[in-house]
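# Examining the three-dimensional arrangement
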2 protein chains.
Amino acid sequence: MANTDLTAPRLKSRIEYSRITIEHVYPQLDAGRYPIKRIVGDSCRVGADIYMDGHDLIAARARFRGPNDRVWRSVEMSYDYDTDRWNAEFPLDVIGLWRFTVEAWPDSFGTWLAELRKKVAAGHDVAVELLEGAQVITNTLPNSDPCAHRELQTAAKQLCDPKLKLEDRLKVAFAPELATNMAGLVNESHITRHRREYHLMVDRPEARFAAWYEMFPRSQGTEPGKHGKFRDAEKRLRRLAELGFDVVYLPPIHPIGITHRKGPNNSLTAQPADPGSPWAIGNSDGGHLAIAPELGTVEDFEQFVKHAADLGMEIALDYALQCSPDHPWIHEHPDWFVIRPDGSIKHAENPPKKYEDIVPFNLWCEDRDNLWNACKEILDYWIERGVKTFRVDNPHTKPFVFWEWLIASIKEEHPEVIFLSEAFTRPKKMQGLAKLGFTQSYTYFTWKNTAAELRELFTELHSTELVQYFRGNLFTNTPDILHAYLQKGGRPAFRVRLLLAATLSPLYGIYSGFELCENVAIREGSEEYLDSEKYQIRVRDWEAPGNINDDIQALNRIRRENPALQTQGNLAFHPTDNEQLIFYSRTMWRNDLLILVNLDPNNRQAGMADVPVGVLGLAPDSSYEVEDLLTGRRYEWRGVRNYVDLDPAVRAGHVLRVVR
Amino acid sequence: MANTDLTAPRLKSRIEYSRITIEHVYPQLDAGRYPIKRIVGDSCRVGADIYMDGHDLIAARARFRGPNDRVWRSVEMSYDYDTDRWNAEFPLDVIGLWRFTVEAWPDSFGTWLAELRKKVAAGHDVAVELLEGAQVITNTLPNSDPCAHRELQTAAKQLCDPKLKLEDRLKVAFAPELATNMAGLVNESHITRHRREYHLMVDRPEARFAAWYEMFPRSQGTEPGKHGKFRDAEKRLRRLAELGFDVVYLPPIHPIGITHRKGPNNSLTAQPADPGSPWAIGNSDGGHLAIAPELGTVEDFEQFVKHAADLGMEIALDYALQCSPDHPWIHEHPDWFVIRPDGSIKHAENPPKKYEDIVPFNLWCEDRDNLWNACKEILDYWIERGVKTFRVDNPHTKPFVFWEWLIASIKEEHPEVIFLSEAFTRPKKMQGLAKLGFTQSYTYFTWKNTAAELRELFTELHSTELVQYFRGNLFTNTPDILHAYLQKGGRPAFRVRLLLAATLSPLYGIYSGFELCENVAIREGSEEYLDSEKYQIRVRDWEAPGNINDDIQALNRIRRENPALQTQGNLAFHPTDNEQLIFYSRTMWRNDLLILVNLDPNNRQAGMADVPVGVLGLAPDSSYEVEDLLTGRRYEWRGVRNYVDLDPAVRAGHVLRVVR
């Protein structure tokens, strides 16, 4: 393990290629251990500290290589005196894994030219300097193209020619063509290359910007209690597209275990008609590669996916690496599970809790090579059937190196695939999963309801290193989480949480029932739904009175029309004098939004909000117009402090665009 | 160059040894590219983020290896829930280059025991769990020592024994001896080792804490204008030791060039009696390995070094890698210099300025291997003659990789050697030299005279990453720098700058003449001394009236008596209501100093200073005693705001110790 880089002999061996120091190369994550994330169409701005002994000038370039490039490309870096940094930028025009690094070399020609200018101005004799210039040019000749080669040769000869007048030789030296011909010419052996490459994972735009809708296809039938099929679910797609959703996410669609099947409200015994939890995957009809017959056939599923695509949406599947005791692999590959000393297979547990309907894989087993490949084949199978997005169940309970390998393997062949990490665990683990490759991540948004909590979470997501790799997908609710704020705040609370989710992050989602303001918990103090869809079929009228579909449709439209809502890293919070009124801006070139939300679902709240006029380029006392994108109404605002009055019975907040 | 770590096949090859994520290992500098710095007697506190999938417990240790260790040692890491970090500490008891890294493994036994406890408490049947425990124990048997081996074997047997009562088997499981025997036992193949080693350069204490005195030995004679010798200089050593200095630094002591020798006040022509600049190294008497005959012999020098050592001081030499045109190497190795197209050797220049008395090395020449070794031999030679500290002249004009190699090479054999970098250049280059190995560095202190400037510089030195590697040595003046503040502020200005230097940093120095408040510049607007010692011999009465030797002696005593003044990273600035009064604290366990300085050398200044009572552990309104270590006088202070009144005619400031 000895990387004795710093011993004298090792250092000596490095001399040849390290005249120049290149350090603090950005963007990078953990010194290049993990790729940072971008989407196609972004550009990569590379910066570096580059310095060398003495006063000679330096030239530098960023080298980069896209997933389809057979050779490295490069772009010149330029020096910024104020920051003492070198910078360059290149476009990320293809999805997949990109690499870049930085290299630099002493700019002999530039140095010579600059010094010559100073000496001539000071009236020095520069005869020898002209000979030196000829040397500099001659040294780079082997690297010049044939066309420049001849011109350079001529210039070098003229600089040395004692028959020419000094004046004419200086003209040759200072001729712009000479500088043009010399630009970028460098003897390969003079180049110092930064010791590392850095990686960027460039995703398709939906990786960063999308509205998700989670639904159980089995609840999409029309008759109460009757098991819905893909054909029923398909009928809902048009309305979901109308409402502006981009992704429809389905809990597992595979055959469901019988042994220890859970009944309604997570009861330990199920009646024969009870459908069971879809996360107990596998029975005699098949496992992760099968579809529960009660939902339809693979062809039905493919048709469902296609119909969604025709409507501009895509289907996300749940990827839950666990089995019911009836999964075919339990018998085919008992060694893929933990076998206890008594010969039994270990079910899931979190002592003293037992989960006897679920059997976890032993991803660290002897036969892990085959097991890991089998896990990958599940993804391959559904990708082949049109799925490009996977919501991954509890990834933090499987080896992290497994995920790093799996995601890299899939993305090498299918860089368009998106993985959403559902890990509710300590922040470093959540972030670790995002670093190793998950495209998006669940967050603690669901539990952040006060202004202080929201400020803390979203300052972290928008204003720290997380911007480089952690894309939070804000769910207002999930089949597991119905927060007390929703249980107690009624319809206004649902409108508030929707408004926050849709405007605090480019990625957000709701789980069906949210639009109907369903808010009954199984019991006081619990976040579990009463009669949860996890164990029952729940057929509803999706347009029932009191729904908030208008809000959803308006917000999804506003998100699509305003680029400021489509990115991460452009959010700032601003003061109000009422802690129930949260105020933030989403700013972007020509698209500045000011968002005010009344977090109190029960009471009208008013107060003064401090507009960041400086950031918006407004004079401190100027008046300006803002348009509420939710209502179309315009207001005349003035200077920093402006009055806001929000009644939850009428509206949850304002999404104000600064009119220019 | 492809480090395609992130491709799927590479990831797969890493699976075997990376179940656990170990990241953000500290302390480190630039991801381990450079060593951080410590002194012997410090301890190294290692911290890391360590996590793994699932709920199993983790065990971790820091591995480390001192310069004399033949094998790696290790120390257990412990987990801190609040920060979600793992920490360990080990003592740095030997000087030289240390290495450390971190490793971790799943704590199977700890996990099993904790879960068993919960299951027993919940009344579960744990028969199979006991068999599992026996398995865990048996798996680690090959790694146990023979003594524990038998006991573990017995325990495993008992856990499985159906003839024993459950109660007795549980007793075996929960017996403390079992846990003791299992502690630290791990199957090597389960260990994840962090991918990097980090380095620490551990120096002797003088690397961090010392008072320097710079003097020209040739000026230490007693007759005006007569060239002093080492024997004369030796007579001053006792007084310098009395004043509390640790290091006596001499400008180059080698034979001085004749060609283009500079006369008084940097004039272009020297008279035969003019001694020349010692930085124009080399003439027919020798080069960097010789001593100027007018100073004495090598034996005289060795005697001088020995005498200093007997007084508890050491001699620092100047290491200036440049030659006069008369240096022997110019003729012996013309290829070690830049040879121009007309066959001449290039002298130093910074166009349009020319330095014709100096010839720089071409450290990038073809024969660089021999040249670099020759440069190293200079150091070897003087180290052999008792020199352990070198002040390096203009290191930023020589290749950085040369210094990294040179310093590492010297320190491999002589880890006690200290290198002080004299680089006045852009901050990143200054810091780069410190990172690559220089023990100490000159700073911009000499030019920082206002409170705002001082706060900025010393916040950077004490409260940023620089603490890990950049040890600023504050010179109040140098032969090149007599700041306008000293020229104009008279004796009070000298006292202020001395007080600041001695209390803002554990390392500081003065250049001789400072104690006599010499402040005449060559001309208005220049920082050069009139009749500079660089070109003339200057014999003075070192106890002339108006000297500030008492201040020097007092401050050096206070520095030795107060550990808070001997380290870096423990300084904080505090508010005053008068910008001429700067107020800072140096705090340490049982040694808290409050330092107030009147920066105005011309006027009495008074105001309120805000004491950081919280940091000092004082109640906001309590009264406490402070003792001025400069005068011995005690004051009764109370709470935060206290009144200060400083008259520059009387004193420069207070060094107050909080009396406990």
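Let me begin by describing the structure that accompanies this report.

Rules used in this analysis
- Residues numbered from 1 in each chain as written.
- Chains lettered and ligands numbered in written order.
- Predicted model: local features only at pLDDT ≥ 70, side-chain atom pairs only at ≥ 80, totals over all residues.
- Heavy atoms only, no water.
- Helix = DSSP H or I, 4+ residues; strand = E, 2+ residues; numbered from the N terminus.
- Buried < 20%, exposed > 50% of the residue type's maximum accessible area, 1.4 Å probe, protein only.
- Lys, Arg positive; Asp, Glu negative; His and termini not counted.
- Charge placed at Lys NZ, Arg CZ, Asp CG, Glu CD.
- Contact = heavy atoms within 4.5 Å.
- Salt bridge = Lys/Arg side-chain N within 4 Å of Asp/Glu carboxyl O.
- Polar contact = N/O pair within 3.5 Å; in protein donor to acceptor, adjacent residues only side chain to side chain.
- Nonpolar A, V, L, I, M, F, W, Y, C, P; charged D, E, K, R; others polar.
- Core = buried A, V, L, I, M, F, W, Y, C linked by side-chain atoms within 4.5 Å.
- Least-squares fit on C-alpha atoms with pLDDT ≥ 70 in both.
- Disulfide = S-S within 2.5 Å.
- Axes fitted to C-alpha atoms, helices over the stretch in contact; angles between N-to-C directions.
- Left-handed = near helix turned anticlockwise from the far one by under 90°.
- Pairing = 2+ DSSP bridges.
- Phe/Tyr/Trp six-rings, centres within 6.5 Å; stacked < 30°, edge-to-face > 60°.

## A short note on the overall build of chain A
Counting its regular elements, chain A contains 16 helices and 30 strands. Overall, chain A is about 105 × 70 × 45 Å in size when its C-alpha atoms are taken along their principal axes. Per-residue burial for chain A yields a buried fraction of 59% across its 660 residues. Measuring between centres, the 79 positive side-chain charges of chain A sit 2 Å from its 94 negative side-chain charges.

## Regarding the interface of chain B and chain A
Across the boundary between the two partners, chain B contributes 84 residues, which contact 84 residues of chain A. Viewed at the interface, chain A and chain B are joined by 12 salt bridges. A salt bridge links glutamate 23 of chain A to lysine 435 of chain B; the shortest N-O distance between them is 3.1 Å. On inspection of chain B and its partner chain A, the count reaches 26 residue pairs in polar contact (both at pLDDT 80 or more). No other element matches helix α11 (residues 400-413) of chain B, which puts 7 residues into the side of chain B that touches chain A. Looking at side-chain class alone, the side of chain B that touches chain A contains 28 nonpolar, 19 polar and 37 charged residues.

## Quick word on the pattern of salt bridges
Evaluated as defined, the whole model comprises 107 salt bridges over all chains. In this structure, aspartate 49 of chain A and lysine 428 of chain B form a salt bridge, with 2.8 Å as the shortest nitrogen-oxygen distance. Separated into two different chains, aspartate 49 of chain A in strand β3 (residues 43-51) and lysine 428 of chain B in helix α12 (residues 427-436) make up a pair that spans both. Lysine 428 of chain B matches aspartate 49 of chain A in its accessibility class, with the two residues each being buried. Note that arginine 657 of chain A is salt-bridged to glutamate 627 of chain A, the shortest N-O span being 2.8 Å.

## Regarding the nonpolar core
All names here are of chain B. Counting 152 residues, the largest nonpolar core has Ile50, Phe301 and Trp403 as the members making the most contacts within it. At 11 residues, helix α14 (residues 484-504) tops the list of elements feeding residues into this core. The residues contacting tryptophan 403, other than those within four sequence positions of it, are Tyr319, Leu321, Val392, Pro395, Lys398, Ala408, Leu433, Leu436 and Phe438.

## Section: the environment of asparagine 556 of chain A
All names here are of chain A. Mapped onto the elements of the fold, asparagine 556 is located in helix α15 (residues 549-561). With 102 residues separating them along the chain, asparagine 556 and valine 658 place their C-alpha atoms 19 Å apart. Filtering out sequence-adjacent residues up to four positions away, asparagine 556 remains in contact with Ala211, Leu243, Gly244, Phe245 and Tyr508.

## Regarding the relation of the copies chain B and chain A
The operation relating the two chain copies consists of a rotation about an axis and a shift along that axis. Placing chain B over chain A gives an RMSD of 0.1 Å and needs a rotation angle of 180°, together with 0.0 Å of translation along the axis. Accordingly, the operation relating the two chain copies is best matched by a two-fold axis. Residues of chain B ranked by C-alpha distance from the rotation axis are headed by alanine 31 of chain B, positioned 3.1 Å from it. When the interface residues of chain B are mapped onto chain A, 100% of them again lie at the interface, so the same face is used by both copies.

## Focus on the state of the cysteines
Residue and element names in this part refer to chain A. Using the criterion set out here, one finds 0 disulfides over all chains in the structure. In this structure cysteine 365 is a free cysteine whose sulfur lies 9.4 Å from that of cysteine 375, the closest cysteine sulfur available. In this structure cysteine 365 comes out as buried when scored by relative accessible area, which is 4%.

## Concerning the packing of helix α10 (residues 368-384) of chain A against helix α11 (residues 400-413) of chain A
Residues and elements named next belong to chain A. One way to put it is that α10 packs onto α11 with a least axis distance of 11 Å and a crossing angle of 40°. Here α10 and α11 pass one another in a crossing that is right-handed. Of the residues in α11, those in contact with Trp372, Asn373, Cys375, Lys376, Leu379, Asp380 and Ile383 of α10 are Val401, Phe402, Trp405, Leu406, Ser409, Ile410 and Glu413. Looking at the contact of α10 with α11 residue by residue, the class counts come to 9 nonpolar, 2 polar and 3 charged.

## Structural notes on the sheet that holds strand β19 (residues 418-422) of chain B
All names here are of chain B. What the 8 strands build is a closed barrel, ordered β11-β12-β13-β18-β19-β20-β21-β22; its pairing is parallel. Ignoring strand direction, the axes of neighbouring strands in this sheet form an average angle of 25°. Direction of pairing for β19 relative to strand β20 (residues 440-442): parallel, over a ladder of 2 bridges. Residue serine 421 lies in a different strand from β20, and its bridge partner there is serine 441. Of the strands in this sheet, β21 (472-475) and β22 (507-511) are in contact with α14, which crosses β22 at around 150°.

## Focus on helix α3 (residues 127-140) of chain B
Turning to α3 of chain B, its buried residues are Val128, Glu129, Leu130, Glu132, Gly133, Ala134, Val136, Ile137 and Thr140 of chain B. Against the buried residues of α3 of chain B lie α2 (108-121), α4 (146-160), α5 (166-174) and α6 (176-182) of chain B.

## Looking at the side chain of serine 324 of chain A
Residue and element names in this part refer to chain A. On the secondary structure map, serine 324 appears in the loop between β14 (322-323) and α9 (328-332). Of the residues examined, serine 324 reaches a relative accessible area of 0% and is grouped as buried. Among all residues touching serine 324, those that are not within four sequence positions of it are Gly257, Ala280, Ile281, Gly282, Ile330, Asp357 and Val359.

## What to know about the packing of aromatic side chains
Residues and elements named next belong to chain A. Scanning the model with the defined rule gives 80 aromatic pairs over all chains in all. With a centroid separation of 6.3 Å and 65° between ring planes, the pair formed by tyrosine 319 and phenylalanine 390 is classed as edge-to-face. Note that tyrosine 319 is positioned in strand β13 (residues 314-319) and phenylalanine 390 in strand β18 (residues 389-393), a separation of 71 residues in sequence. This pair shows no difference in class: tyrosine 319 is buried, exactly as phenylalanine 390 is.

## Side note on the side chain of asparagine 449 of chain A
Residues and elements named next belong to chain A. Structurally, the position occupied by asparagine 449 is in the loop between β20 (440-442) and α13 (451-463). For asparagine 449, the side chain forms a polar contact with the side chain of histidine 483, separated by 3.3 Å. Here arginine 497 takes part through its side chain, which lies 3.0 Å from a polar atom of the side chain of asparagine 449. Aside from chain neighbours lying at most four places away, what touches asparagine 449 is Leu454, His483, Tyr485, Arg497 and Leu599.

## Some words on the sheet that holds strand β3 (residues 43-51) of chain B
Ordered in space as β1-β3-β7-β6 (chain B), the 4 strands form an open sheet in which the pairing is antiparallel. Of all the strands in the sheet, just β1 (21-26) and β6 (78-80) of chain B have a single pairing partner and so form its edges. This sheet shows a mean twist of 35° between the axes of neighbouring strands, independent of strand direction. Pairing geometry for β6 of chain B and strand β7 (residues 85-91) of chain B, over 3 bridges, is antiparallel. Across the sheet, the residue bridging to tyrosine 79 of chain B is tryptophan 86 of chain B, located in β7 of chain B. Against the sheet, helix α12 (residues 427-436) of chain A makes contact with β1, β3 and β7 of chain B, and its axis sits at roughly 70° relative to β3 of chain B, the strand it touches most.

## Quick word on the pairing of strand β28 (residues 634-638) of chain B
Residue and element names in this part refer to chain B. By the alternation rule, side chains of β28 split into Tyr635 and Trp637, which are all buried, and Arg634, Glu636 and Arg638, of which none is buried. Sheet topology note: the strand β27 (residues 623-628)/β28 ladder contains 5 bridges and is antiparallel. Residue serine 623 lies in a different strand from β28, and its bridge partner there is arginine 638. In textbook terms, the turn of a hairpin is the stretch between consecutive antiparallel strands, and for β27 and β28 this stretch comprises 5 residues, one of which, glycine 632, has a positive phi near 85°.

All quantities given are derived from atomic positions and should not be read as evidence of function.
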